[in-house]
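What follows is the residue order along each chain.
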Amino acid sequence: EHTPFSFSDTVSFIDDRLRAVQKDLVTLLGNALEVPNNNASSLDKNNNSNYASAKRNQVKQQRTKQTVREMQAKMIRYNILASYLLSDVPPSKYEVKFGA
């Protein structure tokens, strides 16, 4: 027979997963910043191949940063909501670990 998890157990599990996601997002953002940033505007537009490649890299970096920011904002909203919903739960049942 499966024993259902309490709300605080479920939030603890999700918090653990979110810490892993946060770590991955930081790594992803760091890797995105390491991509050579050949400024497309400074390249000779006569060399279309290099210009197009640099432009694609710039767009990819911008999209990656935007995606990371959106995910981080969602995690912050989740954390605020979970903290509010668990504000009256005793620390013995739920220990706040997010952001630690």
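**Observations regarding the overall build of the protein chain**
Point 1. Looking only at helices and strands, the protein chain has two helices and zero strands in total.
Point 2. Out of the 100 residues in the protein chain, the part that is buried amounts to 17%.
Point 3. A fraction of 67% describes how many contacts in the protein chain between residues 6 or more apart in sequence connect residues 24 or more apart.
Point 4. Counting only carbon and sulfur atoms, one obtains 54% of the accessible surface of the protein chain, whose full area is about 7800 Å².

**Things to note about the pattern of salt bridges**
Point 1. Scanning the model with the defined rule gives two salt bridges in all.
Point 2. The partner of Asp16 in a salt bridge is Arg17, with the nearest N and O atoms 2.5 Å apart.
Point 3. Assessed through its relative accessible area of 32%, Asp16 is described here as partly exposed.
Point 4. In this structure, a network of salt bridges that share partners links the residues Asp16, Arg17 and Arg19.

**Some details on helix H2 (residues 48-85)**
Point 1. The terminal C-alpha atoms of H2 lie 55 Å apart, and with 38 residues this matches the ideal 56 Å at 1.5 Å per residue to within 8%.
Point 2. All of the buried residues in H2 are Ala54, Gln58, Gln61, Thr64, Val68, Met75, Asn79 and Ala82.

**Overview of the side chain of Ser8**
Point 1. Here Ser8 shows up in helix H1 (residues 7-34).
Point 2. At 3.1 Å, the side chain of Ser8 and the side chain of Ser6 are in polar contact.
Point 3. With residues up to four places along the chain from it excluded, the contact list for Ser8 reads Leu86, Lys93 and Tyr94.

**A short note on a nonpolar patch on the surface**
Point 1. Side chains of Phe7, Leu81, Tyr84 and Leu85 sit close together on the surface and give an oily, nonpolar patch of about 460 Å² of accessible area.
Point 2. Tallying contributions element by element places H2 first for the nonpolar patch, with three residues.
Point 3. With respect to the helices, strands and loops of the structure, Phe7 is situated in helix H1.

Rules used in this analysis
Position labels on residues start from 1 in each chain and follow its written sequence. Local features in this predicted model are restricted to residues whose pLDDT is 70 or higher, and side-chain atom pairs enter the listing and the counts only when it is 80 or higher, whereas totals over whole chains, interfaces and linings include all residues. The basis for every side-chain value is the complete set of non-hydrogen atoms in the structure, without hydrogens or water. Per the convention used, a helix needs a DSSP run of H or I reaching at least four residues, while a strand needs a run of E reaching at least two, with both numbered from the N terminus. Buried means the residue's accessible area, taken with a 1.4 Å probe over protein chains only, is under 20% of the maximum for its type, while exposed means over 50%, and partly exposed covers the values in between. Any pair of residues with heavy atoms lying within 4.5 Å of one another is described as a contacting pair. Note that accessible areas follow from Shrake-Rupley with a 1.4 Å probe, and for residues the cover is restricted to the protein chains shown. Any carboxyl oxygen of Asp or Glu that lies within 4 Å of a side-chain nitrogen of Lys or Arg is treated as forming a salt bridge with it. Expected span of a helix, by definition, is 1.5 Å for each gap between consecutive residues, and there is one gap fewer than residues. Two N or O atoms count as a polar contact when they lie within 3.5 Å, although within protein this holds only if one can serve as hydrogen donor and the other as acceptor, and sequence-adjacent residues are included solely when both atoms are side-chain atoms. Put simply, a patch holds well-exposed residues, over 30% relative accessible area, that have no salt bridge, with like charges counted together within 9 Å and Val, Leu, Ile, Met, Phe, Trp or Tyr side chains within 5 Å.

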